[in-house]
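Examination of the molecular architecture
The lines below spell out each chain.
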Amino acid sequence: MSRKLVLWITASFVLLGLMLWVLSLFWQNMRDGISGHGWAAYIIGGVLTLALSIGLFMLTFHSARHGYDDIDRPEDGGEHDI
């Protein structure tokens, strides 16, 4: 992995942590609060969503760089010409 990719992934996790911290400040003022299971579900959901989005973007860029998205047109000619 390149340094730039590691930097983006690290920045994404830092942003996720910052959002969790800000939301915890809002939830402290609630009457019931949030349980430990709620926090675990919230964190796992955020991490899995972040991992899914990073993975899908990486697949999209990989596909575009390696020509998997190129369109084969019949007028271009190719191996299937008779």
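Here, the structure is the one placed above.
Attention here is on the structure that accompanies the text. (Residues numbered from 1 in each chain as written. Predicted model: local features only at pLDDT ≥ 70, side-chain atom pairs only at ≥ 80, totals over all residues. Heavy atoms only, no water.)

1. Description of the packing of helix H1 (residues 3-28) against helix H2 (residues 36-65)
Two numbers describe how H1 lies on H2: the axes approach to 11 Å, and their chain directions differ by 150 degrees. As far as their axial angle goes, H2 and H1 are roughly antiparallel. In terms of crossing hand, the pair formed by H1 and H2 is right-handed. Taking contact as the criterion, the partners of Leu-5, Ile-9, Ser-12, Phe-13, Leu-16, Leu-20, Leu-23, Ser-24 and Trp-27 in H1 are, on H2, Trp-39, Tyr-42, Ile-43, Gly-46, Val-47, Leu-50, Ile-54 and Met-58. Per-class residue counts for the contact of H1 with H2 are 14 nonpolar, three polar and no charged. (Axes fitted to C-alpha atoms, helices over the stretch in contact; angles between N-to-C directions. Helix = DSSP H or I, 4+ residues; strand = E, 2+ residues; numbered from the N terminus. Parallel < 35°, antiparallel > 145°, perpendicular 65-115°, else oblique. Left-handed = near helix turned anticlockwise from the far one by under 90°. Contact = heavy atoms within 4.5 Å. Nonpolar A, V, L, I, M, F, W, Y, C, P; charged D, E, K, R; others polar.)

2. Let's talk about the packing of aromatic side chains
Evaluated as defined, the whole model comprises two aromatic pairs. With centroids separated by 6.3 Å and ring planes inclined at 90 degrees, the aromatic side chains of Trp-39 and Tyr-42 adopt a geometry described as edge-to-face. Linking Trp-39 with Tyr-42, this pair stays in helix H2, spanning three residues, or about one helical turn. For Trp-39, a relative accessible area of 23% puts it in the partly exposed group. Overall, Tyr-42 belongs to the partly exposed group, its relative accessible area being 32%. (Phe/Tyr/Trp six-rings, centres within 6.5 Å; stacked < 30°, edge-to-face > 60°. Buried < 20%, exposed > 50% of the residue type's maximum accessible area, 1.4 Å probe, protein only.)

3. Observations regarding H1
For H1, which comprises 26 residues, the first-to-last C-alpha distance of 37 Å matches the rise-based estimate of 38 Å (1.5 Å per residue) to within 8%. Listing the buried residues of H1 in full gives Leu-16, Leu-20 and Ser-24. Among the structural elements, H2 are those in contact with the buried residues of H1. (Expected span 1.5 Å × (residues − 1).)

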